[in-house]
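# Chain and residue survey
Each chain, letter by letter, is given below.
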Amino acid sequence: MDLKNFVRNIHDFPIPGILFRDITTVLKDSSALRGGVDAMIKAVEGLEFDAILGPESRGFIFGMPMAYVLGKGFVPVRKAGKLPAEVARKEYALEYGTATIEIHKDAIEAGKRFLIVDDLLATGGTAKATVELIEEMGGTVTASLFFIELAGLGGRGALTGHDVRSVLVY
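Our subject in this report is the structure included herewith. These figures come from a predicted structure and were not determined experimentally. (Residues numbered from 1 in each chain as written. Predicted model: local features only at pLDDT ≥ 70, side-chain atom pairs only at ≥ 80, totals over all residues. Heavy atoms only, no water.)

Take the packing of aromatic side chains next. Enumeration over the complete set of coordinates arrives at three aromatic pairs. A centroid spacing of 5.9 Å and a plane angle of 90 degrees characterise the contact between Phe60 and Phe74, whose relative ring orientation is edge-to-face. Taken together, the positions of Phe60 in helix 3 (residues 58-70) and Phe74 in strand 4 (residues 73-79) put the pair 14 residues apart, joining distant regions of the chain. Owing to a relative accessible area of 22%, Phe60 belongs among the partly exposed residues under this scheme. Positioned above the aromatic ring of Tyr170, the side-chain terminus of Lys4 is 4.6 Å from the ring centre. In this arrangement the basic side chain of Lys72 is found over the ring face of Phe49, its NZ or CZ atom lying 5.0 Å from the centre. (Phe/Tyr/Trp six-rings, centres within 6.5 Å; stacked < 30°, edge-to-face > 60°. Helix = DSSP H or I, 4+ residues; strand = E, 2+ residues; numbered from the N terminus. Buried < 20%, exposed > 50% of the residue type's maximum accessible area, 1.4 Å probe, protein only. Lys NZ or Arg CZ within 6 Å of the ring centre and 35° of its normal.)

This next bit is on the nonpolar core. One finds Met66, Leu115, Val117 and Phe147 to be the most contacted residues of the largest nonpolar core, which totals 24 residues. Of all elements in the fold, only helix 2 (30-43), helix 3, strand 7 (113-121) and strand 8 (140-149) reach the threshold of two or more residues within this core. Those residues in contact with Val117 that lie beyond four places of it in its chain are Met40, Ile52, Leu53, Gly54, Pro55, Gly59, Phe62, Gly63, Met66 and Leu145. Residues Ile103, Leu121, Ala129 and Leu159 belong to the second largest nonpolar core, which totals 23 residues. (Core = buried A, V, L, I, M, F, W, Y, C linked by side-chain atoms within 4.5 Å. Contact = heavy atoms within 4.5 Å.)

Attention now moves to unusual backbone geometry. With an omega dihedral of 5 degrees, the bond running from Phe13 to Pro14 counts as a cis peptide bond. Looking at where Pro14 falls in the secondary structure, it is placed in the loop between strand 1 (8-11) and strand 2 (19-22). Cis peptide bonds are those with omega within 30 degrees of zero, and the linkage from Glu56 to Ser57 qualifies with -15 degrees. As for its position among the elements, Ser57 is in the loop between strand 3 (51-55) and helix 3.

Within the secondary structure, Pro55 sits in strand 3. Take Pro55: its relative accessible area is 3%, and that puts it in the buried class. Between the C-alpha atoms of Pro55 and Arg78, which are 23 residues apart in sequence, the distance is 6.2 Å.

See below:
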């Protein structure tokens, strides 16, 4: 199955000149959704990790079914103010401003290995902040896995020295 056939391209969204890769068309098709999750699982065969960590919100979409199938725990990475218990946070730069991610402090145990799963690698800001936060909390990032990588935006460079895997590359 060619999963690229299920990704919808939307021109000039969110601003003129941008080609948006929309995964909702993958998600609504049961065979494409299954094929996408299966491809992501195949992409990490042989990796050793203790849990999957997924950034809000599309990291949840792919990370949760992977964790279920692989028999791993799942750790949500949320936007600031969304988690109820004590958190560790990381602020990072966006093109226009900053954003903050948070993880429950008790979700990352020193020495545990994590697979980061998200839908998209673009400039790498969220992924880099997630890696840094896990490492600051004493965890290890085994790899980062993305459903789509926009290679021309340099996100892989933000994760230099880390194992980066992608299912679809544009």
